[in-house]
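Close look at the chain arrangement
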Amino acid sequence: MTGHVQQLVNDSRNFRFLADPALAGVPEATLLAGDAATAEAYVHTDPDAAMARGRRFTETLAEDVARRAAVTLRPRAPQQQRTQSLFTAGAIPARVRDLLEIVRQYGNAAVHGYSGDRVKAMTVLQSCHELALWWYRERTGAAPGPAFVRPDPPAQLTRAMLRDIEEQIDRLRAAFEATPPPVARIRIGSTTPDGRRWRGGSEVVGATGTYLVHDPVETVRAEDGAWTLMQAAGRHLDGAGRSVWLRGLRVDDDGPVAGRVRDGLDAQAACLERPAAGLPALVERHRDGDLHLLVLDAPAGKSWLEMFGDGRPGLDPFMLPLALAVLADVADGLAALHRRGHAHRVLDGHSVRVVLPGRHGRLRDPGLVGWPHRPGEGGEHPAPEQRALARGRPGPPTDVFQLAALLHAGAGAGAGPGPVAVPLRDLLPTFPERLDQLLLRALDPDPGRRPGAGEIAAGLRQGRRELTAGVVA
């Protein structure tokens, strides 16, 4: 790799690891690095070109995975079919399939519609970064670990530089296509670890299907060993391979305490039987001996943290309207839970999902619905009543507090055990004043003085309208 492409890759904070000496002499590595770094250079000045380059990056990645896994892809088949073929063959996990699909859809829209959408271009770039990390780990066995950094606008690219970049990437692609495929590696199937002690690769059998568990698995064990709660992303081992969220309760001592936890899982299933915007859809509730299983639909998307960050640095003002729209959808889901007599009580950057395409907000799971209150509950943003019982019992006002806390933390207004209740206008000067005051009410230490989830949803949508109209109330 020489010339301006090498310069772009060296200057890239997100993709320079693809030029690692461990990958020297690998044509696909240099081609991937060139396309990704070029997409990064275009993301501010030509979003459509950035998305088109991102799509080409994913096509190269899919071709390389197919060659190394000995998966035959039909010539000139649509990218969506090629991705599904890789997934069905077990060559890529569900997360990689979903990212490839996001880039494909946005890349198509850019090529055919000339959208000029910088938000979509940045989403494509972030997706390519996550794919690049996965590919690097697969090829080298090492984890590069660089977190995604939103790129600064680059220096102006001259016509001579653009011509040189295009010519060199064309040569890289020709070298990649001329490289003979490697000898097929032997693929050893999973031995199906115990479905009652989940880890990546476990197969869990339900009433309506079998599910493959993905890493990481979150595990909580009772202090007395009476029960173990496991939850993880996974996929349905049917023809479509749809993504799911799995929650399993293993009961080892079926006493009163474990019984209350088991009943809580039943309450979660009953609560989600009726569909509602912002809530996950129930796939099935099943019991197999001592294992109690809850399976939820998990459409393609990203977590709040993946989309908007953790507040270090603060929320990009350009992403603020989308963040408000996502939280408004989540507030709708919380309001539905509250009408059904429940509260989530553990709202955080992992449990809020941004569904793609469409960028709708949704809860990943029902949280602590139906489960007894436990000391230390509340996750990353515990409400005052979860830290001190003198404040009252956790309930619907707890969810309102945590939703406001999540936005404040994302904006950089507090990332500790609770947000610093400062006006967001101090950090984001264009933030709508009426919404700012509403969120401060939501952070009131007294649960009785907080607004309801429906009022929060309406306020978030009005605030988004004001932002997109350029009006500061």
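Residues numbered from 1 in each chain as written. Predicted model: local features only at pLDDT ≥ 70, side-chain atom pairs only at ≥ 80, totals over all residues. Heavy atoms only, no water.

Considering the pattern of salt bridges
Applying the stated rule across the entire model yields 25 salt bridges. Across the pair glutamate 466 and arginine 434 runs a salt bridge, and its minimum N-O distance is 2.5 Å. Within this pair, whereas glutamate 466 is found in helix H14 (residues 453–468), its partner arginine 434 is found in helix H13 (residues 433–442), the two being separated by 32 residues in sequence. Judged by relative accessible area, glutamate 466 falls into the buried class, the value being 6%. The class for arginine 434 is exposed, based on a relative accessible area of 56%. (Salt bridge = Lys/Arg side-chain N within 4 Å of Asp/Glu carboxyl O. Helix = DSSP H or I, 4+ residues; strand = E, 2+ residues; numbered from the N terminus. Buried < 20%, exposed > 50% of the residue type's maximum accessible area, 1.4 Å probe, protein only.)

Here we look at the packing of aromatic side chains
In total, this model carries 3 aromatic pairs according to the counting rule given. When the ring of phenylalanine 15 is compared with that of phenylalanine 57, the centres are 6.5 Å apart and the planes differ by 55°; the resulting orientation is tilted. Here phenylalanine 57 lies in helix H3 (residues 47–69) and phenylalanine 15 lies in the loop between helix H1 (3–11) and helix H2 (27–42), a separation of 42 residues in the sequence. For the ring pair phenylalanine 17 and tyrosine 136, a centre distance of 5.5 Å and an interplane angle of 80° mean the geometry is edge-to-face. You can see phenylalanine 17 sitting in the loop between H1 and H2 and its partner tyrosine 136 sitting in helix H6 (residues 118–140), a full 119 residues away along the chain. Taken as a pair, phenylalanine 17 and tyrosine 136 share a single burial class, namely buried. (Phe/Tyr/Trp six-rings, centres within 6.5 Å; stacked < 30°, edge-to-face > 60°.)

Remarks on unusual backbone geometry
The omega torsion of the bond from aspartate 215 to proline 216 falls at -5°, within 30 degrees of zero and hence cis. Following the sequence through the fold, proline 216 ends up in the loop between strand E2 (210–213) and strand E3 (218–221). Even without glycine at this site, arginine 345 takes up a positive phi of about 75°. Mapped onto the elements, arginine 345 comes out in the loop between helix H10 (320–339) and strand E9 (352–355). For arginine 345, a relative accessible area of 4% puts it in the buried group.

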